[in-house]
Amino acid sequence: MTTSTWLPPLEWLGPPADGYRLLARVPADGVARSLNEHRRDAPPPPAPRRRPRSELLDSIEQSGLRGHGGAGFPTGTKLRAVAAQGRRPIVVVNGAESEPVSAKDRLLLMTMPHLVIDGAVVAASAVGAKTVIVCVKRTARGSLESLERALAERNGTDGVDLRVVAIPPRYVAGEETALVHFLNGGPAKPTITPPRPFERGVDGQPTLVQNVETLAHMAQIAAYGPRWFREAGTADEPGTTLLTVGHRVYEVGFGTTLASILVASDVVEPLAGVLVGGYFGAWLAPAAISDARVSNPDLRARGAAIGCGAIMPLAARQCALVESARVVHWLARENAGQCGPCVNGLAAIANTFTAMVAGRADGRMAQQLVRWCSEIEGRGACRHPDGAIRFLRSAVSVFADDLERHMQGRPCAGVHERPVLPVPATGEQWR
Amino acid sequence: MSYRLRIDPIRCDGAGLCAEMLPELIGLDDWGYPILDGTPVGQALLPLARKTVAACPVLALRLEAVDHR
C-alpha cells in the first residue's frame, strides 16, 4: 500500500460505461479548478427564489440520489422535508469528513470547490434558502483556503449568502446536530433529537445539512438531468460514488465489485480483511471480498455498509485485532463527554477488548463485553456509541479464530508490525 | 393513548433515583445509568411513573404520550 499523503494522488477507475463524473475534471496538479475553467462545462446553478423550486426537488427525487456522508438517506426526501416546513431554511454544507480514513470530501473541496458550491446553491434553490454555511474542520487548511478563494471568485453572484465556518476537529463534530449546535454558538457536540435540524436548526430555522459529495452530485443532476444521472450505477442504486481506498480516492458506479476496486488500486498481497465504511463501518473477511459489491443491500447482507465510502484493505501480515483495539480506543476517547453510557461504556469496552487481544482476559470478561455492547447500544444522544459497537462486533466476529488464539496467549505474528490504521490526535477543543 | 418513559442521556448524571423508585421499568447499568426496558407504561404503574419523573434531580426523565393512531 502507498503511505498516507496529505493530498491523495488521483486515480480514476470504473467501467467505461460509467465514466468519471465528479472526478472527471479534477486537475492533475491538484490545484483548485478556477471558476472560469469550471464554467466551461458546468452551467451556473439556478438562483434561489422566495419559494422552493419544485422542478429541482423533482429532479433530485427522480435521480434516486442518496446521501454520501454515511447514513445513505434519500436526498429528495430530505429536501422535501426541509422545503415543507414553510419557513426560510438554511443550508449547511457538511465538510467535516471526520473519518480518518476518508479523503474524498477534502479532495473535492481542494480541487473542485465550484462544483461543491454549485451543489450548495442548487440545494438552496430547491428548498428556498438564501443562506449557505460551509463547515470545514479548522485543521483542513487546504480546504479552507480553496473555499475562500472560490467564494472570492464568485463574488456574490449566486443570489445566496455564502460563508465558510471552521469547526473544531473532533470526530463527532460532523454529526448534524453537533454542527447545528456549534453554529448556534454552543460546543460542537450532539444534542438530543427531536427536534431534528430539518425542523429546527441554525437560528431555529429549518436546516438542510448535506455532505460535500452529495452536493457535488446534486450540481451535476441539476446540470445534466436525472436521466443522465441514472445511466451509471444500478436501477436500485443509481449514480457513482467516491471511495477512499487506502488513502487514494476513486469514483465507481454503484454495483462495481469490491475485488475489481482492490485490483485497480494495486492491492495484491494477501489480506487479513477489508474495513468498509470507515470507523463506523465493519470488517469483511477475505472470503467475503471476492464477490462483494459496492452496493448497500449487498454489503448490509454481510453486516457492512458503504457509509462514507472509506475502504481500508488490511494486509494479512498485520494483526487485525491490534488494529481494531486501537480504533476502538480512539472512538472511545472521541466521545463528547455527555452521555454516561457512552463515556463509561465505550472506555470499558475498549479496555476489555484490549485485554482480550493482549491475552489478559478470561471467558467471563468476554461475556461481559457482549453484555455491555447490547446494553450501551442506542443509549446515547447520537449514534456514536452504536457506530463504535458495530465496528467492535464486526472485529470480534470476523476475526473470531484469531481472537481465540490471542486469548490463549498465542497472538498472531502481526502484533509486531507497525499499525497502519490512523488514530489521529484531535485535541480537546469543542469550540 | 399509552405512555412511555424517555431519558435525556445528556442531562442524566446517573443519580439512580429512578431505578430505586420504579424497578419494574428501570434498571441500572454497571456505571449507575438507567436502562429502560422500552415497553409502554401500564395503567397500574402510571401514577408511580409520574412521581419518578418528578423525582429526577436533573429533570432527565420524561413520560411521553405514544400516539397509536
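Rules used in this analysis
- Residues numbered from 1 in each chain as written.
- Chains lettered and ligands numbered in written order.
- Predicted model: local features only at pLDDT ≥ 70, side-chain atom pairs only at ≥ 80, totals over all residues.
- Heavy atoms only, no water.
- Pairing = 2+ DSSP bridges.
- Helix = DSSP H or I, 4+ residues; strand = E, 2+ residues; numbered from the N terminus.
- Axes fitted to C-alpha atoms, helices over the stretch in contact; angles between N-to-C directions.
- Contact = heavy atoms within 4.5 Å.
- Phe/Tyr/Trp six-rings, centres within 6.5 Å; stacked < 30°, edge-to-face > 60°.
- Buried < 20%, exposed > 50% of the residue type's maximum accessible area, 1.4 Å probe, protein only.
- Salt bridge = Lys/Arg side-chain N within 4 Å of Asp/Glu carboxyl O.
- Polar contact = N/O pair within 3.5 Å; in protein donor to acceptor, adjacent residues only side chain to side chain.

1. Quick notes on the sheet that holds strand β2 (residues 131-137) of chain A
Either a parallel or an antiparallel arrangement is found when strands of a sheet pair, and the pairing is made through backbone hydrogen bonds. Residue and element names in this part refer to chain A. A sheet is described by the order of its strands in space; here four strands give the open sequence β3-β2-β1-β4, paired in parallel fashion. This sheet does not close on itself; its edge strands, each paired only once, are β3 (161-167) and β4 (207-211). Going from strand to strand, the sheet's axes swing by 20 degrees on average, the running direction of each strand aside. Across seven bridges, the pairing between β2 and β3 is parallel. Considered in β3, the bridge of C135 is made with V165. Across the sheet, helix α5 (residues 113-127) is in contact with β1 (90-95), β2, β3 and β4; its angle to β1 comes to roughly 150 degrees. Contacts between helix α8 (residues 212-224) and the sheet are confined to β1 and β4, with β4 contributing the most and set at about 95 degrees to the helix.

2. Considerations on the packing of aromatic side chains
Taken as a whole and assessed by the stated rule, the structure comprises eight aromatic pairs over all chains. With a centroid separation of 5.3 Å and 75 degrees between ring planes, the pair formed by Y171(A) and F280(A) is classed as edge-to-face. On the criterion of sequence distance, the pair formed by Y171(A) in the loop between β3 and α7 (176-183) and F280(A) in the loop between β7 (271-276) and β8 (282-284) is long-range, its members being 109 residues apart. Residue Y171(A) is classed as buried on the basis of its relative accessible area, which comes to 7%. For the pair W372(A) and W31(B), a centre-to-centre distance of 5.3 Å together with 45 degrees between the ring planes defines the contact as tilted. Of this pair, W372(A) sits in helix α15 (residues 363-376) while W31(B) sits in the loop between β2 (26-28) and β3 (34-36), which puts the two residues in different chains. Residue class for W372(A) comes out buried when judged on its relative accessible area of 7%.

3. Some remarks on the pattern of salt bridges
Summed over the entire model, instances satisfying the criterion amount to 26 salt bridges over all chains. We note a salt bridge from R379(A) to D29(B), for which the minimum N-O separation is 3.0 Å. Placement of R379(A) in the loop between α15 and α16 (384-398) and of D29(B) in the loop between β2 and β3 is noted, with the two residues assigned to different chains. On the basis of relative accessible area, R379(A) is assigned to the buried category, the value being 14%. Salt bridges linked by common partners bring R39(A), D118(A), R154(A) and D158(A) together as one network.

4. What about the side chain of T241(A)?
Residues and elements named next belong to chain A. For T241, the location among the structural elements is in strand β5 (residues 240-245). A distance of 3.2 Å separates the side chain of T241 from the side chain of H68, its partner in a polar contact. For T241, the residues in contact, after removing those within four places along its chain, are H68, E213, Y250, E251, V252, F254 and V294.

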